[in-house]
Each structure stands twice: as C-alpha cells, then as structure tokens.
Amino acid sequence: MNELIDFFRYLLNSEEIIRTGGLVLITLIIFVENGIFFGFFLPGDYLLFLAGVFAGTKVLNVPLWLLLSCIFGAAVLGSLLGYLTGYYFGGRIQNRKDSLFFKQKYIENTRVAFEKYGTSALIVARFLPIVRTFAPILAGLIHMNFRFFMLYNVIGGAVWVLVLVGGGFYFGEHFPWIINYVHWIVIFFLAVTTFTVVRGYLSARKENRAEKVS
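All residue numbers refer to position in the chain's written sequence, counted from 1. A pLDDT threshold of at least 70 governs which residues receive local features in this predicted model, and a stricter bar of 80 or more applies before side-chain atom pairs are shown or counted, although totals over entire chains, interfaces and linings include all residues. With hydrogens and water set aside, each side-chain value is computed from the structure's full complement of heavy atoms.

Within an unreviewed UniProt entry, the label attached to the protein reads Membrane-associated protein, and the organism entered is Spirosoma utsteinense. UniProt positions are given in the numbering used here, feature names are shortened, and annotations may be inferred rather than shown by experiment. In its Subcellular location (unreviewed entry) section, UniProt records this for the protein: "Cell membrane". What UniProt records for the protein under Sequence similarities (unreviewed entry) is the sentence "Belongs to the DedA family."

In structure tokens form, the structure reads like this:
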C-alpha cells in the first residue's frame, strides 16, 4: 500500500518527473492526461510550464523544438484517443458508476463547458484541468464532425503548448533563479486553475437555471 501511495505522489510531483523521467515520461503523462479518463488527476499545466523552465535552465537538456514537438504530438494524439473512446464507447462511459478514478460529474462539468463555449470549448478546455481530459471524450460521444474536432484539437494543442512550454522556457533562460521557486509555481497554477474551473462551473449553472426559469 505504501508503494502505491509513493507512486501516486511521484506522479503528482512535476519536478521529480522532469528530473528523473525526462522527455519520455513527460510525453507519456501528457498523452494520458489529455485523453484517457483516469488520467485527469495527472499534472498538466504546471508540468508543461516547469518542463519549459527546466529546459531553459538546461536541467532538462533537450532542444526547445524537440520538447515542443513531443508535447504537442502527445497532446493531439491523446485527445484523438479520447475522441475515439467517446465515439465508440460513449454509451458505456455515460452508464459507468462513480469510482475513485471516475465520477459522472466530470462528464457533466465538461458538458456545461461545451454548452457555454460551443466547439471552441476544445481550445478553452486545454487550460482547464479535468475538463481538458473529458472534452475530447464528450466530443466523440456527441459525434462531433471529425474534421472540426481535429482542427480545434490541433489549434488548442498548439496554443496550450506554445504558451506554457514557451513561457516556461523564456523564464528559465532569462531568469534561471526561478528554478528555486518551483513549489510556489505549482501552488500558483493550482490556485488559478481551481478558481477558473469552479468559477466557470458556477457561472454556467447559474445561466442554466436562469434559462429554465425564463
């Protein structure tokens, strides 16, 4: 049991992942987090930003183009897998009972995001934890046009990766002392993303209630 707890602690420790797992493990985690429903708890935003920081400070000794390419490919292919999962197994997912790694409210929260943002939710969702994992699954479940899905999938993946990895690389290269404040960066990202998800969900629920009343 202790070994399992230690494993999950490792998966949630972005700094340790980057230092020990390198580019391969970063790529694998982004792939899983972007399209496999049980990967929603994995680090996404701050893993990308810290990967950029570590690359900028040369702690992660890989060229920027290779880092961007691998993470972008993992994000797009992960979401594609999520879409295909929703497309072919959507019924099973909708009827799945709540468990430790899955709750129906995750699907409902994602559905609310789609109702609010439309197909562009696939781009917005890239910056929203949990919603990012379930958005492509829901897109497949509702049989969204595949070409539209791939268009938004590629655009969203490119924006997400360029902003976070590119931003992290810039800070790491020009302000290398930032690596001493890794834990504060993680806390900052967690606070921002949690606030964004909660606020968006509450706003969408309020709008839905108002529409029902009217």
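**Q** What exactly am I supposed to notice about helix H7 (residues 131-141) here?
**A** Note: α-helices contain 3.6 residues per turn, so residues at a spacing of three or four share the same orientation. Burial analysis of H7 places eleven of its eleven residues in the buried class, the great majority of the element. Every buried residue belonging to H7 is among Val131, Arg132, Thr133, Phe134, Ala135, Pro136, Ile137, Leu138, Ala139, Gly140 and Leu141, and all of these are buried. Where helices and strands are cited, they refer to DSSP runs of H or I of at least four residues and of E of at least two residues respectively, numbered from the N terminus. His143 lies just past H7 and shows a positive phi near 60 degrees. Exposure categories follow from relative accessible area, calculated using a 1.4 Å probe and restricted to protein chains: below 20% of the type maximum is buried, above 50% is exposed, and the middle band is partly exposed.

**Q** Just checking my understanding: could you explain the packing of helix H3 (residues 45-56) against helix H8 (residues 146-174) for this structure?
**A** The axes of two packed helices give the description: the angle between them and the distance between them. Lines fitted to C-alpha atoms define the axes, with helix axes restricted to the stretch in contact, and inter-axis angles between N-to-C directions lie between 0 and 180 degrees. Running from N to C, H3 and H8 point in directions that differ by 40 degrees, and their axes come no closer than 6 Å. Here H3 runs over H8; the crossing is right-handed. Residue-level contacts link Asp45, Leu48, Phe49, Gly52, Val53, Ala55 and Gly56 of H3 to Trp160, Val161, Leu164, Val165, Gly167, Gly168, Phe169, Phe171, Gly172 and Glu173 of H8. In this scheme the crossing of two helices becomes right-handed for a clockwise turn of the near helix relative to the far one and left-handed for an anticlockwise turn of less than a right angle. Any two residues whose heavy atoms approach within 4.5 Å at even a single point are treated as in contact.

**Q** Help me understand the pattern of salt bridges in this model?
**A** Pairing between side chains of opposite charge can happen when the charged atoms of each approach one another. By definition here, a salt bridge exists when the distance from a side-chain nitrogen of Lys or Arg to a carboxyl oxygen of Asp or Glu is within 4 Å. Per the stated rule, a full pass over the model turns up two salt bridges. Between Arg132 and Glu33 there is a salt bridge, with the nearest N and O atoms lying 2.8 Å from each other. Residue Arg132 is found in helix H7, and its partner Glu33 is found in helix H2 (residues 14-33); the two are separated by 99 residues along the sequence. Of the charged contacts in the structure, one is a salt bridge between Asp45 and Arg132, with a shortest N-O distance of 3.0 Å. Residue Asp45 is located in helix H3, and its partner Arg132 is located in helix H7; the two are separated by 87 residues in the primary sequence.

**Q** Please explain the nonpolar core as it appears in this structure.
**A** For soluble globular proteins, nonpolar side chains are generally found buried alongside one another. In terms of nonpolar packing, the biggest core is built from 33 residues, with Ile18, Ile26, Ile30, Leu48, Leu67 and Ile71 touching the most fellow members. Looking at this core, the elements that each hand over two or more residues are H2, H3, helix H4 (64-94) and H8. Grouping buried Ala, Val, Leu, Ile, Met, Phe, Trp, Tyr and Cys residues that are joined through side-chain atoms within 4.5 Å yields what is termed a nonpolar core. In this structure, Ala125, Leu128, Ala135 and Ala139 belong to the second largest nonpolar core, which totals ten residues.

**Q** What is the right way to look at the packing of aromatic side chains in this model?
**A** The geometry of two aromatic rings is summed up by the distance between their centres and the angle between their planes. Aromatic pairs are defined between Phe, Tyr and Trp rings, using the six-membered ring for Trp, whenever the two ring centres lie within 6.5 Å; interplanar angles under 30 degrees are classed as stacked, those over 60 as edge-to-face, and all others as tilted. With the rule as written, the count across this model stands at nine aromatic pairs. Plain terms: the ring middles of Phe49 and Phe171 are 6.2 Å apart, the flat faces sit at 55 degrees to each other, and that makes the pair tilted. Placement of the pair is Phe49 in helix H3 and Phe171 in helix H8, with a sequence separation of 122 residues. Residue Phe49 is classed as buried on the basis of its relative accessible area of 11%. On the basis of relative accessible area, Phe171 is assigned to the partly exposed category, the value being 34%. Ring centres of Phe175 and Trp177 lie 6.0 Å apart, and the angle between their planes is 65 degrees; this geometry places the pair in the edge-to-face category. Of the residues examined, Phe175 reaches a relative accessible area of 30% and is grouped as partly exposed. You can call Trp177 exposed: its relative accessible area is 52%. Each residue in the set Phe49, Tyr170, Phe171, Phe175 and Trp177 is aromatic and connected to the rest through ring pairs, giving one cluster.

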